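A look at the structure
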Amino acid sequence: MYLSTVSRPQTDPPEAGTGRSGRRIALVSGNVVALGTVSLITDVSAEMVTAVLPLYLVLGLQLSPLAFGVVDGVYAGATALLRVVGGFLADRIRRPKLVAGFGYALSAVAKLGLLLAGRSVPLIGAVVAVDRLGKGVRSAPRDALITASTPPESLGRAFGVHRTMDAVGAFLGPLVAMAVLLAVGRSYDAVFVTSFCIAALGVVVLVLFVRERDTPTVDAAAVAASRGTGPGTDATADDPDGTRPGVREVFGLLRDRPARRLVVAAALLGLATVGDGFVYLLLQRRENVDLTWFPLLAVGTSLVYLLLATPIGLLADRIGRLPVVLGGYAALGVTYLLLAGPIAGWPLLVLALALYGTFYAATDGVLIALAGPVLPPRLRTTGIALVQTGQALAYLVSSVLFGLAWQAWGPENAIRVAAVAVAAVLLLTVLMLAPAYRPVPRKVS
C-alpha cells in the first residue's frame, strides 16, 4: 500500500559511507540540514509568540473560550487553501526555495504587525492570519525540498532530523520569551520585537544556504509495489515532455485513489486535534501554574518532541509509517483523558506533556513522509500542500467547536468529548487505510 515503508531491493550494492558491517551511517543531505537550521531559527521566533498568545488574549484581553477558539483556529487554518496555491506555484515555476522564502519573510513581518494591532481583537486576528499565510505558503515547498533531497527509503529519517531541529527551536522559543518577560516586566511588545529579529535571521540563512534542487526520479518499481500496481506502472514519470503542470492536473491528483485517501485521512485526523493553547490553558487551570512559568508547558512538549522525532522517524522507516502515525494519535487521545482524569500535580504535568510531545514526534514529519513517495514528482509540492490543507481546515473547525464545547459544557467535559472524537477518528482511519496497507519489508544488516 502507498502508506507503507518504501524500500530498495535487497540486491542493492553497498553505499559509500557504510561500515564493515554493511550498516549505513544515518546521514542526511546538506540541504536537509540547512532547511532544519532555518526551521530551528524560525521556530524560536514563532514559539515566542505562541507561548504568550494564550495569556495575552485570554487573561490580558479577557477573550471568551469561543473567541479564543476562533483566533486559535485562524492561527492554524484560516489561510489553509493558500497552502495549495503556494504548492502549485512552486511546482509551476519550479522554484520551491523562492516560494518558501516569501512565506518565511511574510511571517517575519507579521510579528511587527502585532505591535500595531494593540488591543484590537479584529486587528490581532488579521495579523495572525497574515502570519499563518506565510506558514501556509512555505510549508509545502520546504517539505518538497526535503523530499527532493532524500532517497525515498530514508524519508522518515530525513523528516525526523528536520523535525528534531525544528523542535529545538520550539524548545528554545518559550525560554527566550520567558527571559524577555522577566527582563522587561511582562512587556508583550518586547517579545514581539525580539521575535521579529530572530525570524529575519532565519530568512537570511535560507537565502544563503538552502539550494534549489531538481526533483530526482523516485524508484518507480518500489513506488509501484507500495501502491499495489504492476511493475510496468510509471508512477513517477517526472515531466517527460518538459511541460509545466496545469490546474487540471491538480484536480486529477485528487482523482488518484491513494492521494485522495491520504488527504481525507489527514483531514479526519486534524478534526480530532485540539489546539496547543487549549491544552496548556487546561493544565494551567488545573495546576494553577504561575503565569510567569506558563511558557514552560510548551518547553516540556518541545523537549519530548526533539528527543523522539529522529528515533521515531527511523522506526517509521523500518516498521511502516501508518502504524507510527496511528500510535501518535492514540497518545493524543490519552493526553486528553489525563486532562479530565483524577491524576493531579507533577505526575499529570509530566505524563501529559510527555504524551503530547510523543504525539507530535510520531505524526508531524511522518505524515509527510507517507505522502512523498506516492505523489508524482511534478506535483509533489501541490500534493503535500493538499494534505496540509486538509489538516489545517479540519483544525480550524475543531478549534471553533472545542471553544463552543468549553463554553457550553465546561473544560473537563469538552476535553472528554475530544478524547472520544480521537478514538472515533482512529477507527475510521484504520477502516479506510488498513485494508490496502501492505508494508514492504526491509532487510536489516
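The notes below deal with the structure included here. Since the structure is predicted, the reported quantities are computational estimates derived from the model, not experimental observations.

Three- or four-residue spacings in an α-helix give side chains the same orientation, since the helix completes a turn every 3.6 residues. When the terminal C-alpha atoms of helix α7 (residues 188–209) are compared, their 32 Å separation across 22 residues agrees well with the 32 Å that a helix rising 1.5 Å per residue should span. What α7 keeps buried is the set A190, V191, F192, S195, A199, G202, V203, V205 and L206.

Here we take up the environment of A179. With respect to the helices and strands, A179 occurs in helix α6 (residues 155–184). A179 gets classed as partly exposed once you look at its relative accessible area, which sits at 42%. Along the primary structure A179 and V191 are separated by 12 residues, whereas in three dimensions their C-alpha atoms are 9.3 Å apart.

Take the packing of aromatic side chains next. A complete count under the given rule lists 9 aromatic pairs for this structure. For the pair F278 and F402, a centre-to-centre distance of 4.8 Å together with 65° between the ring planes defines the contact as edge-to-face. Here F402 lies in helix α15 (residues 380–409) and F278 lies in helix α11 (residues 276–287), a separation of 124 residues in the sequence. What makes F278 buried here is its relative accessible area of 1%. In this structure F402 comes out as buried when scored by relative accessible area, which is 5%. A ring pair is formed by Y356 and Y360, whose centres lie 5.3 Å apart and whose planes are at 70°; its orientation type is edge-to-face. Note that Y356 and Y360 are positioned in helix α14 (residues 346–371) at a spacing of 4 residues, about one turn of the helix. The class for Y356 is buried, based on a relative accessible area of 0%.

Y280, Y336, F402 and I415 are the most contacted members of the largest nonpolar core, which has 50 residues in total. Mapped onto this core, the elements with two or more residues apiece are α1 (30–60), α10 (257–271), α11, α12 (295–319), α13 (321–339), α14, α15 and α16 (411–433). If you tally residues by element for this core, the top one is α13, at 9 residues. Look past the residues within four positions of F402 in its chain and what remains in contact with it is V274, F278, L282, A414, I415 and A418. Counting 32 residues, the second-largest nonpolar core is a separate cluster that includes A100, Y104, A259 and V387.

Closest axis-to-axis distance for the α6/α12 pair is 8 Å, and the angle between their directions is 170°. It follows from the interaxial angle that α6 and α12 lie roughly antiparallel. Residues belonging to the contact of α6 with α12 are distributed by class as follows: 18 nonpolar, 6 polar and 3 charged.

Along the chain, E47 turns up in helix α1. Separated by 124 residues in sequence, E47 and F171 have C-alpha atoms that sit 8.1 Å apart. Among all residues touching E47, those that are not within four sequence positions of it are A170, G173 and P174.

Closest axis-to-axis distance for the α11/α13 pair is 10 Å, and the angle between their directions is 30°. By the angle between their directions, the pair α11 and α13 is classed as roughly parallel. The hand of the α11/α13 crossing is left-handed. Along the contact surface, α11 presents V279, L282, L283 and R286, while α13 presents Y336, L338 and L339. Grouping the constituent residues of the contact of α11 with α13 by class yields 6 nonpolar, no polar and 1 charged.

Conventions we followed
Residue positions within a chain follow its written sequence, with the count starting from 1. Per-residue local features of the predicted model are confined to residues with pLDDT of at least 70, and side-chain atom pairs are confined, for both listing and counting, to 80 or more; whole-chain, interface and lining totals are unaffected and use all residues. Excluding hydrogens and water, the side-chain values take into account all heavy atoms of the structure. Only runs of H or I of at least four residues qualify as helices and only runs of E of at least two qualify as strands under DSSP, and these elements are numbered from the N terminus. The span you would expect from a helix comes to 1.5 Å times its residue count less one. For every residue, the accessible area (1.4 Å probe, protein chains only) is compared with the maximum for its type, and the residue is labelled buried under 20%, exposed over 50%, or partly exposed between those bounds. Pairing of aromatic side chains requires ring centres within 6.5 Å, counting the rings of Phe and Tyr and the six-membered ring of Trp. Pairs whose planes differ by under 30 degrees are stacked, by over 60 edge-to-face, and all others tilted. Side-chain atoms within 4.5 Å are what join buried Ala, Val, Leu, Ile, Met, Phe, Trp, Tyr and Cys residues into a set we call a nonpolar core. Here a residue-residue contact requires only that any non-hydrogen atoms of the pair lie within 4.5 Å. Fitting a line to C-alpha atoms yields each axis, with helices limited to the stretch in contact; the angle taken between N-to-C directions then spans 0 to 180 degrees. Oblique is the label for any angle not under 35 degrees, not over 145, and not in the 65 to 115 range, which are roughly parallel, roughly antiparallel and roughly perpendicular in turn. Only Asp, Glu, Lys and Arg are considered charged, only Ala, Val, Leu, Ile, Met, Phe, Trp, Tyr, Cys and Pro nonpolar, and every remaining residue, Gly among them, polar. Definitions for this section: a left-handed crossing has its near helix turned counterclockwise from the far helix by less than a right angle. A right-handed crossing has that turn clockwise.

Keep in mind these numbers describe shape, not what the thing actually does.
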